[in-house]
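# Descriptive analysis of the structure
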Amino acid sequence: MTKMANGNGLKSSSKRLVLWFRNDLRLHDNAIVDKAKRSVASGDCKEVLPLYCFDPRVFQRSEYGSPKTGVHRAKFLVESVMDLRERLRSVGSDLLIAVNKPENVIADLVGDNGTSVFAQREVTHEERVTESLVEGILAGSERARLELFWGATLYHRGDLPFKSNLRDLPDVFTPFRNKVEKQCSVRSLLSEPRAGDLPLGDAANLPLVKKMTNYEPSLKDILPGVDVPDQDERSSLSFRGGEAAALERLRYYLWDSDLLSTYFETRNGMVGGDYSTKFSPWLANGCLSPRKIYHEISE
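A few points on the structure.

Quick notes on the rules
- Residues numbered from 1 in each chain as written.
- Predicted model: local features only at pLDDT ≥ 70, side-chain atom pairs only at ≥ 80, totals over all residues.
- Heavy atoms only, no water.
- Phe/Tyr/Trp six-rings, centres within 6.5 Å; stacked < 30°, edge-to-face > 60°.
- Buried < 20%, exposed > 50% of the residue type's maximum accessible area, 1.4 Å probe, protein only.
- Lys NZ or Arg CZ within 6 Å of the ring centre and 35° of its normal.
- Axes fitted to C-alpha atoms, helices over the stretch in contact; angles between N-to-C directions.
- Helix = DSSP H or I, 4+ residues; strand = E, 2+ residues; numbered from the N terminus.
- Parallel < 35°, antiparallel > 145°, perpendicular 65-115°, else oblique.
- Left-handed = near helix turned anticlockwise from the far one by under 90°.
- Contact = heavy atoms within 4.5 Å.
- Nonpolar A, V, L, I, M, F, W, Y, C, P; charged D, E, K, R; others polar.
- Expected span 1.5 Å × (residues − 1).
- Core = buried A, V, L, I, M, F, W, Y, C linked by side-chain atoms within 4.5 Å.
- 1 Å grid on protein atoms, 1.4 Å probe; cavity = no way out; pocket = protein on both sides within 12 Å on 5 of 7 lines; lining within 4 Å.
- Points joined across faces, edges and corners; volume = space filled by probe spheres on them.

## A short note on the packing of aromatic side chains
This model, assessed by the stated rule, comprises 9 aromatic pairs. Relative to F59, the ring of F54 lies with its centre 6.3 Å away and its plane at 45°, an arrangement referred to as tilted. The residues F54 and F59 share a single accessibility class, namely buried. Connected via pairs of aromatic rings, a cluster forms that spans Y52, F54 and F59. When the ring centre of W20 is taken as origin, the NZ or CZ atom of R22, which lies over that ring, is 4.3 Å away. Just above the ring of Y275 sits the side chain of K278; from NZ or CZ to the centre is 3.6 Å.

Here is the structure:
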């Protein structure tokens, strides 16, 4: 059973929650984290198992022979996942990590007393296929369900001034922007979890959970035969994956350097680390929320 949740009012009576992180590798302004901590606070669940799967299908070669994920992007992703683990540990939780297909791993984490799987809804083909595979695995159990949450965009899809199927969405950007800016508001930030908000509970003692929380992935685990790339001395900016690095870059660009004040004059530059925000890789992995950027600028 799959439900589309907006993060408001949807109750779960499951004892265990699996937080399936995907392209939302952060604790700040995260819909599934927010829903999980509210479920714990209300007594609806006792165990929260944050999970990330390095899906082998993402790292194989495409039908044209080229790698789907290059070495630099893979390195950035590993750094992002490990940073998320450290941030979860700082609030008394942890991150289960596996190099395996999500549908296989999640099936093994379904508890005897009911399990809800929370995940961010994705919109691209391969990610939606994976959602369907997870849903198919859970469909065989009356004790498990998948709930998907919107969380990757500045404006929530449910707030857009268009039909629910988006058939009246403008074909070009300017009409879209004009209508949205006049009729929509950016939602407030969701708060970060505090110590004890995401308890592993008794599940922390399960052998599988111990194995996955002790596992530390390396680049060679997901891209066999590939060496860790060196930092090119010509690079003007060293990109490091993770929420901590994303927030550090945000603080630098907006406050420490005040580069935002000259953005429109410098944004078309080609050389250097400061002519544009360089937020893109962190936004892509979900290490940085677009709403976080908006509200920081609004201040």
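Read on for the rest.
## Examining the packing of helix 9 (residues 243-256) against helix 12 (residues 290-298)
In contact at an axis separation of 11 Å, helix 9 and helix 12 are set at 30° when each is read in the N-to-C sense. In this view, helix 9 runs roughly parallel relative to helix 12, as classed from their interaxial angle. The crossing of helix 9 and helix 12 is right-handed. Within the contact between the two elements, helix 9 uses L247, L250, L254 and W255 and helix 12 uses K292, I293, E296 and I297. Taken together, the residues of the contact of helix 9 with helix 12 break down into 6 nonpolar, no polar and 2 charged.

## Brief notes about helix 9
Taking 1.5 Å per residue as the helical rise, helix 9 with its 14 residues ought to reach 20 Å, and the 18 Å between its terminal C-alpha atoms agrees with that figure. For helix 9, the full list of buried residues reads E243, A245, A246, L247, R249, L250, Y253 and L254. Once helix 9 ends, the next one or two residues include D258, with phi positive near 60°.

## Focus on the nonpolar core
Judged by nonpolar contacts, the single largest core of 43 residues is most densely connected at F21 and F54. Broken down by element, this core gets its largest block of residues, 8 residues, from helix 3 (residues 71-89). The contact partners of F54, leaving out residues within four places of it in the chain, are F59, L77, V78, V81, I97, A98, V99, N100, P217 and I222. Counting residues in each nonpolar core, the second largest holds 22 residues, with I106, V110, V134 and M212 among its members.

## What about the layout of surface pockets?
For the largest pocket, the calculated volume is near 1100 Å³. Lining the largest pocket are 30 residues, and of these L154, Y155, F173, E181 and Y294 sit closest to its centre. If you list the elements that add at least two residues to the lining of the largest pocket, you get helix 6 (173-183), helix 9, helix 10 (263-266), helix 11 (280-285) and helix 12. When residues of the lining of the largest pocket are assigned to their parent elements, the largest contribution, 5 residues, is made by helix 6. Here the residues of the lining of the largest pocket sort into 21 nonpolar, 5 polar and 4 charged. Of the pockets and cavities examined, the second largest pocket occupies roughly 920 Å³. Looking at the second largest pocket, it is lined by 38 residues, and the ones nearest its centre are V58, T69, R73, L77 and N285. Counting only elements with at least two residues in the lining of the second largest pocket, the list comes to strand 2 (16-21), strand 3 (47-53), helix 2 (56-59), helix 3, helix 5 (125-139) and helix 11. Ranked by residues supplied to the lining of the second largest pocket, first place goes to helix 3 with 6 residues. Within the lining of the second largest pocket, the residues separate by chemical class into 17 nonpolar, 9 polar and 12 charged.

Coordinates in, geometry out; function isn't part of it.
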